[in-house]
Amino acid sequence: MPHSLSSSHIDARAFIERKREGGRIAPAEWHALIRDYADGIVPDYQMSALMMACFLRGLDTGEMTALMEAMLASGATIDLTHLAAPRVDKHSTGGVGDKVSLVLAPLIAALGVAVPMVSGRGLGHTGGTLDKLESIPGFRTRLTLAEARAQVERLGCAMIGQTAEIAPADRKLYALRDATATVESIPLIAASIVSKKLAEGLTGLVLDVKRGSGAFMPELARGLELARTMVELGTTHGVPTVALLTAMDRPLGRACGNALEIEEAIHALHGEGPADLMEVTFALGTEMLLLAGVARTADAARFAMTDAIRGGAAARKLAEIIEAQGGNPGVVEDPAVLPQAAACEIFTAVREGVVARVEPRAVGRGIIALGGGRTTVEDTVDPTVGFVISASPGDRVSSGEPLATVFARDAEGIAAGMAALREAITIADAAVAPLPLVSHRVTASGVEELGAHRAAV
Ligand code: URA
């Protein structure tokens, strides 16, 4: 889109003031602002103030669309239109223990769909696919546009981060929002996710919108609004988009932490993933295969995915991707190649009863306290630390029974991890009913509440 404002017209202070008072920023102004922010002309401190004003005042649909388009225009689009294969990706709004992308990307690519996946880093209390991938020794997430394109052509999949070429404005803004408590906003999340995904040149997009206490939008109504907003934004920009609402009132799977999650994802690709992780993976994978036209029915999609795992094609595809991106592919057969924590300790039940809650925010904050996440933009991430939590809501436990393992750098980390688990895991006389793992499906035609049968397909 052409810019009608030159950089000399930019007065970011005036935009902050206007937004602070509840005014509106016009599309051309968004384009100029984002362009100058990506170029380093608008400084972080002004953008932080503007993001907080947007967070508090909201954006109307026109503003959100302009922000999304401006972020998309800040970089290039991966042009894969010459490929015969459909190009479909999945993105999550963020969770704890959410390693679905690590399983789905190779799995769906093994079934003949091109998956040009652009992911993010940890955000707030949630983990990021890029941080997880970088725990694989040698793995490079910063591919050039040409490298990413060539890899998708050759292998059907690349798993990369934003660079100066791919959605650079969202990369800067995402890190800034993480450090300034401005993540939990429907228009900001929608613009961020959809800008990255449209840069991939997709023919279909599947979104995993988390709900529950560990999600950025905990309430069902807000989760549905976020899903509808993104589905509309994607669809009106020419990419058929479907969203599923999935549970984030407890961590997904057992492993929470970068290298630990890679290991669990590898087990999942070998057919040994935890049931909840596989249910969410298969539900989202089904939507990807249906959008791609590779499967005609949900049953056929599920059969194809199970077969690709059972026959080893999905795990082989992950090894190929890792090797192509400079990592050690041996990790797929031997996860012990991953960096290991220096210290670990078992967390046990303080009393007999039922596991009432495993609170994802406390677990996510615990990972950050252990050094496995960020509190400032500059922080480096320790790939080895985190938790493996075997206890799930509803489990009956006896006093002293092992519920989880803390992985840390040292004794201080072990103490911080134990404290986080004491906050996260509640044992009571009765369990609180957990949310259904996959509860709603949102398409351009509306919202469908999924019954137990459809959710499990
Ligand atoms: N994931 C993103 O990519 N962006 C957000 O703003 C939140 C989650």
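Just above, that's the structure.
Values in this document were obtained by computation on a predicted structure and should not be read as measured data.

Draft legend 1. Fine view of the pairing of strand E4 (residues 204-211). For E4, the tally of buried residues reaches eight of eight residues, placing the bulk of the element in the interior. Across the two faces of E4 the burial is the same, with Gly204, Val206, Asp208 and Lys210 and Leu205, Leu207, Val209 and Arg211 all buried. With five bridges connecting them, strand E1 (residues 88-92) and E4 associate as parallel partners. By the bridge assignment, Val88 is partnered in E4 with Gly204. The pairing of E4 with strand E5 (residues 241-247) spans seven bridges and is parallel. Pairing of Val209 across the sheet is with Leu245, part of E5. The parallel pair E4 and E5 is bridged by helix H10 (residues 220-236), and the resulting crossover is right-handed.

Draft legend 2. Structural view of the pairing of strand E2 (residues 115-119). The element E2 is extensively covered by neighbouring structure, given that five of its five residues are classed as buried. As judged from the five bridges shared by E2 and strand E3 (residues 157-161), these two strands associate in the parallel manner. Bridged to Val115 within E3 is Cys157.

Draft legend 3. Main features of helix H9 (residues 186-198). Taking 1.5 Å per residue, 13 residues should reach 18 Å; H9 reaches 18 Å between its end C-alpha atoms and fits that length. Counted residue by residue, H9 has 13 buried out of 13 residues, so it is predominantly covered.

Draft legend 4. Looking closely at the site of the ligand. Lining the immediate surroundings of the ligand are His91, Thr93, Leu123, Tyr174, Arg177, Ile189, Ser192, Ile193 and Lys196. A distance of 3.1 Å separates an oxygen atom of the ligand from a polar side-chain atom of His91. Among the elements that make up the shell around the ligand, the one with the highest residue count is H9 (four residues).

Cut-offs and rules
- Residues numbered from 1 in each chain as written.
- Predicted model: local features only at pLDDT ≥ 70, side-chain atom pairs only at ≥ 80, totals over all residues.
- Heavy atoms only, no water.
- Buried < 20%, exposed > 50% of the residue type's maximum accessible area, 1.4 Å probe, protein only.
- Helix = DSSP H or I, 4+ residues; strand = E, 2+ residues; numbered from the N terminus.
- Pairing = 2+ DSSP bridges.
- Right-handed = clockwise from strand over helix to strand, strands pointing away.
- Expected span 1.5 Å × (residues − 1).
- Near = heavy atom within 4 Å.
- Polar contact = N/O pair within 3.5 Å; in protein donor to acceptor, adjacent residues only side chain to side chain.

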